[in-house]
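Here is what each chain is made of, one letter per residue.
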Amino acid sequence: MLVYVCILLLQHWMSLGSLSLGQITDIEFLFKHLHLLEFAATGNMMFLVLQWYKRGLTLPKNSPLAILAGLANNEFQFYIQPICDNQTHKAVGFETLMRWHRSDGSILAPGSFLDIALSPPVYPSFKETSLAQIVPILMSLMSRNPNYYLAFNTDSTFIHSKEFVIDLISQFDLSDASPNCLVLELPDTATIDDQELVLSNVSLLRNNGFGIALDDFGMEHSNMDRIRDIPADFVKIDRSFIVQMEGNPRSLAIIKALVSMSKELDFQIIAEGIETLAQARLLEEAGVTRVQGYYYGRPQSVDYWLDQLDKGLL
Ligand code: G
Ligand code: MN
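Criteria and thresholds
- Residues numbered from 1 in each chain as written.
- Chains lettered and ligands numbered in written order.
- Predicted model: local features only at pLDDT ≥ 70, side-chain atom pairs only at ≥ 80, totals over all residues.
- Heavy atoms only, no water.
- Helix = DSSP H or I, 4+ residues; strand = E, 2+ residues; numbered from the N terminus.
- Buried < 20%, exposed > 50% of the residue type's maximum accessible area, 1.4 Å probe, protein only.
- Contact = heavy atoms within 4.5 Å.
- Areas by Shrake-Rupley, 256 points an atom, 1.4 Å probe, with all protein chains shown as cover.
- Pairing = 2+ DSSP bridges.
- Near = heavy atom within 4 Å.
- Polar contact = N/O pair within 3.5 Å; in protein donor to acceptor, adjacent residues only side chain to side chain.
- Donors = N, O, S within 2.8 Å, 3.2 Å for Na, K, Ca; no water.
- Axes fitted to C-alpha atoms, helices over the stretch in contact; angles between N-to-C directions.
- Parallel < 35°, antiparallel > 145°, perpendicular 65-115°, else oblique.
- Left-handed = near helix turned anticlockwise from the far one by under 90°.
- Nonpolar A, V, L, I, M, F, W, Y, C, P; charged D, E, K, R; others polar.
- Phe/Tyr/Trp six-rings, centres within 6.5 Å; stacked < 30°, edge-to-face > 60°.
- Salt bridge = Lys/Arg side-chain N within 4 Å of Asp/Glu carboxyl O.

### Details of the overall build of the chain
When helices and strands are counted, the chain shows 15 helices and ten strands. Per-residue burial over the chain gives 47% buried out of 314 residues. Restricting the contact set of the chain to residue pairs at least 6 apart, pairs at least 24 apart contribute 64%. Surface exposure of the chain reaches about 15,900 Å², of which carbon and sulfur atoms provide 55%.

Shown next, in the form of C-alpha cells:
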C-alpha cells in the first residue's frame, strides 16, 4: 500500500507539479490509477511503463522534472530589455527577463513556467541558475558604459530570506561589479507575509548599495501602501495603466500625481509596456523620464543588445 501511495503521489507531482495528500482519498482519482496498485502488488516495472505508454502519459512541458532537466541542460537564459531615457531614447539600464530555450526549439517566457520554477522542489536550482547569470551580464554591460544598471525580478521567497540576501551581497563582494548597478524589483506577485523581515532585508540591500524598485505599480497589490511602507528608489508603472492612459484622462492624472509624489519621496518613475509614439509623448508631457517597452526595444538575448550597443544603435 505504501509503495502504491508513493508512486501515486510521485506520478501526480510529475504531471501536475504539486503533491496533495487529499487526492489519494478521492475515489474517482484512485480508480483512474488502479494500474499503480497492480504495480505496487507485483513490482513489475515493465507493466508500469507499458501502462503509462498506453495511457499516453508524457511529461507536461512545464512539470518540475522537465524544468529541472532544462536547468541541468543550461536551457534557461536571461534576456534583457532596455530601460531608456524618454528624451534621448538611449538606454540607462536593462531588465533581465528569463527565457527557456527548450530542446524542441520553442522559447518560453516566464508566464509559462514561473509558478513551477518558484515552487519548492525547483526553486533552489532555478534561483542558483538565475543569480549566477547576473554578474557576468552586468560586467559585459559595464564594459560598454559604467553607468548602466541591471534590474532583476525577485520573488516572495527571496525577499523573505536573509540567507539569499547575504549570498547576493557576498557574490558582489567577490566580483568587480558594483552593487550600485543592480536594482532588485519587487513584483506584485512577491507577496509580503512578514513585513518586518522584508523591510530589514530591503534595508540591508540598500545599505549595501543595491537599488530597490516597486514593480507593477497599479496592479492588485501594488498600490499606495507599498509606496508608503517600502523605501524604494524606483516605482515601475504597470503596462495596464499605460494602455488605459490614452482613453482615460484619470489614468494620466494619476501618473502626473505620481510624478509629483516621486519628487517629494525621492524615487524615480519608470513607465512600462510603452508600445506607441503617442504613449511616449503623453508620458513625456506627464514628466515621466524613464521608459521601457516594445517601442524602445523588446527583450532580446544579451548578445543581441551588446551588438546593438557596439553599433551605436541604442
Ligand atoms: O512584471 P514585469 O514588469 O517584470 O513584466 C515584464 C514583462 O512585460 C515581460 O514578460 C516583457 O516581455 C513584457 N513586456 C515588456 N515590454 C512590453 C510591451 O511594450 N508590451 C507588452 N505587451 N509586454 C511587454
Ligand atoms: Mn519587472
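### Focus: the pairing of strand β5 (residues 182-186)
Counting buried positions along β5 gives five out of five residues, so the element sits mostly inside the fold. Of the two faces of β5, the one holding L182, L184 and L186 and the one holding V183 and E185 are both buried throughout. Summarising the sheet, strand β4 (residues 149-153) and β5 pair through four bridges and their orientation is parallel. Looking at β5, one finds that N153 is bridged to E185.

### A short note on the site of ligand 1
By nearness alone, 15 residues border ligand 1, and E95, D216, E272, E275 and Y294 come closest of all. Between a nitrogen atom of ligand 1 and a side-chain N or O atom of Q81, the distance comes to 3.0 Å. At 3.3 Å, a side-chain N or O of R239 approaches a nitrogen atom of ligand 1. Bound to the protein, ligand 1 loses 76% of the 520 Å² it would expose on its own. Contributions of two or more residues to the shell around ligand 1 are made by β2 (91-101) and β6 (211-217). No other element matches the three residues that β2 contributes to the shell around ligand 1.

### As for the pairing of strand β7 (residues 234-237)
The alternating pattern of β7 places F234 and K236 on one face and V235 and I237 on the opposite face, and all of these are buried. Sheet topology places β6 next to β7; three bridges connect them, and they run parallel. Along β7, the bridge assignment pairs L214 with V235.

### Concerning the coordination of the manganese ion (ligand 2)
Protein ligation of the manganese ion (ligand 2) involves E95 (OE), N153 (OD1), E185 (OE) and D215 (OD), the donor distances falling in the range 2.1 to 2.4 Å. The motif formed by the donor residues of the manganese ion (ligand 2), counted along the single chain, is E-x57-N-x31-E-x29-D. On the criterion of sequence distance, the pair formed by E95 in strand β2 and D215 in strand β6 is long-range, its members being 120 residues apart.

### Quick word on the packing of helix α7 (residues 123-142) against helix α9 (residues 162-173)
One way to put it is that α7 packs onto α9 with a least axis distance of 11 Å and a crossing angle of 30 degrees. Here α7 lies roughly parallel to α9, going by the angle between them. The hand of the α7/α9 crossing is right-handed. Residues Y123, K127, L131, A132, I134, V135 and L138 of α7 pack against F164, L168, Q171 and F172 of α9. Among the residues making up the contact of α7 with α9, the classes are represented as nine nonpolar, one polar and one charged.

### Examining the side chain of T96
Turning to its location among the elements, T96 is positioned in strand β2. With residues near it in sequence (within four places) discarded, T96 still touches F78, Y79, I80, L150, A151, F152 and N153.

### Re the packing of aromatic side chains
For the structure shown, the criterion picks out 14 aromatic pairs. Plain terms: the ring middles of Y123 and F164 are 5.7 Å apart, the flat faces sit at 70 degrees to each other, and that makes the pair edge-to-face. Remark: F164 occurs in helix α9 and Y123 occurs in helix α7; sequence separation between them is 41 residues. Looking at F164, the relative accessible area reads 22%, which means it is partly exposed. Arranged with centres 5.0 Å apart and planes meeting at 85 degrees, the rings of Y304 and W305 form a pair that is edge-to-face.

### So, the environment of A286
As for its position among the elements, A286 is in helix α14 (residues 277-286). When the C-alpha positions of A286 and I255 are compared, they lie 7.0 Å apart, and in sequence the two are 31 residues distant. Once you skip the residues sitting within four places of it in the chain, A286 turns out to touch L252, I255, K256 and V259.

### Notes on the pattern of salt bridges
Throughout the structure, instances matching the rule amount to ten salt bridges. E185 serves as the salt-bridge partner of K236, at 2.6 Å between the closest nitrogen and oxygen. Placement of the pair is K236 in strand β7 and E185 in strand β5, with a sequence separation of 51 residues. Residues R239 and E275 are paired through a salt bridge, measuring 3.9 Å at the closest nitrogen-oxygen approach. Placement of the pair is R239 in helix α12 (residues 239-245) and E275 in the loop between β8 (268-271) and α14, with a sequence separation of 36 residues. Note on E275: relative accessible area 40%, which makes it partly exposed.

### Description of the packing of helix α13 (residues 249-265) against α14
Between α13 and α14, whose axes approach to 9 Å, the crossing angle comes to 45 degrees. Taken together, α13 and α14 sit at an angle that is classed as oblique. α13 and α14 meet at a crossing whose hand is right-handed. Residues L252, I255, K256 and V259 of α13 pack against L282, L283 and A286 of α14. Residues belonging to the contact of α13 with α14 are distributed by class as follows: six nonpolar, no polar and one charged.

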